[in-house]
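Working through the structure, step by step
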Amino acid sequence: MSRGWKITVIVAAGLGIVSTPLVWLLDGPGAGQLAGASVQAAVAVVALVWAVLQRPDPSGPADRASQTGAATDGGVTGIRRPGGRGSGSAGAERTGEARGPGSVSGIDYSE
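Because the structure is predicted, anything quoted here is derived from the model rather than measured.

Tallying secondary structure elements over the protein gives two helices and six strands in all. Ordered by position from N to C terminus, the α and β elements of the protein give α-α-β-β-β-β-β-β. Computed over C-alpha atoms, the radius of gyration of the protein comes to 27 Å, more than 25% over the 13 Å expected from 2.2 N^0.38 for 111 residues, which places it beyond the range of a compact globule. Each principal axis of the C-alpha distribution contributes one length, and for the protein these read about 80 × 25 × 15 Å. Here the protein, with 111 residues, has 15% of them falling under the buried criterion. When contacts within the protein are restricted to residue pairs at least 6 apart in sequence, those whose partners lie at least 24 apart make up 68%. For the protein, the exposed area adds up to about 7,400 Å²; of that, 62% sits on carbon and sulfur atoms. In the protein, which carries 9 positive and 8 negative side-chain charges, the distance between the mean positions of the two groups comes to 4 Å.

What follows is the structure, encoded as structure tokens:
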């Protein structure tokens, strides 16, 4: 679950928990309203607990490169993440040979 959705669910659950007694008390409680308010509060509490217990999404995609060709004259054989941008893991194995100035074999984090 993304951070944005987690915050949205927590806020909605909090509003559901807080609004339940307010609506029930302001409208003259009856048996049906008490039952409805109890269900509403229970669902909100379950949603709150569920959202709090969710683990964050992985930090990003997993980039993999293997058995790539040769890089020449500034080329990259593998993965390029300029300036270290991007998230998640990156792995390169058995990448090709890098020949010439600025060529990279593997993972390139440079600008």
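Phi angles above zero are rare outside glycine, and Asp 73 is one such case at about 50°. As for its position among the elements, Asp 73 is in the loop between strand 2 (71–72) and strand 3 (76–80). With a phi close to 50°, Arg 94 is a non-glycine residue in the positive phi region.

Judged by side-chain polarity, Ile 10, Val 45, Val 49, Val 52 and Leu 53 come together as a nonpolar surface patch covering roughly 420 Å² of accessible area. Among the elements that take part in the nonpolar patch, helix 2 (residues 31–53) stands out by supplying four residues, more than any other. Mapped onto the elements of the fold, Val 52 is located in helix 2. Judged by relative accessible area, Val 52 falls into the partly exposed class, the value being 48%.

A few words now on the side chain of Ser 103. Of note, Ser 103 is situated in the loop between strand 5 (98–99) and strand 6 (104–108). Here the side chain of Ser 103 touches Asp 73 through a polar contact of 3.2 Å, landing on its backbone nitrogen.

According to the stated counting rule, one finds two salt bridges in the structure shown. Between Arg 94 and Glu 93 there is a salt bridge, with the nearest N and O atoms lying 3.5 Å from each other. Arg 99 is paired through a salt bridge with Glu 97; the nearest N and O atoms lie 3.0 Å apart. Classification of Glu 97 by relative accessible area gives partly exposed; the value is 47%.

Looking at the protein, the pLDDT average stands at 79 and 90% of residues meet or exceed 70. Put simply, helix 1 (residues 3–26) is where the protein has its lowest mean pLDDT, 79, and strand 5 is where it has its highest, 85.

Reading the values: the criteria
Residues numbered from 1 in each chain as written. Predicted model: local features only at pLDDT ≥ 70, side-chain atom pairs only at ≥ 80, totals over all residues. Heavy atoms only, no water. Helix = DSSP H or I, 4+ residues; strand = E, 2+ residues; numbered from the N terminus. Rg over C-alpha atoms; globule rule 2.2 N^0.38 Å. Buried < 20%, exposed > 50% of the residue type's maximum accessible area, 1.4 Å probe, protein only. Contact = heavy atoms within 4.5 Å. Areas by Shrake-Rupley, 256 points an atom, 1.4 Å probe, with all protein chains shown as cover. Lys, Arg positive; Asp, Glu negative; His and termini not counted. Charge placed at Lys NZ, Arg CZ, Asp CG, Glu CD. Patch = residues over 30% accessible without salt bridge, like charges linked within 9 Å, V, L, I, M, F, W, Y side chains within 5 Å. Salt bridge = Lys/Arg side-chain N within 4 Å of Asp/Glu carboxyl O. Polar contact = N/O pair within 3.5 Å; in protein donor to acceptor, adjacent residues only side chain to side chain. pLDDT = per-residue confidence, 0-100.

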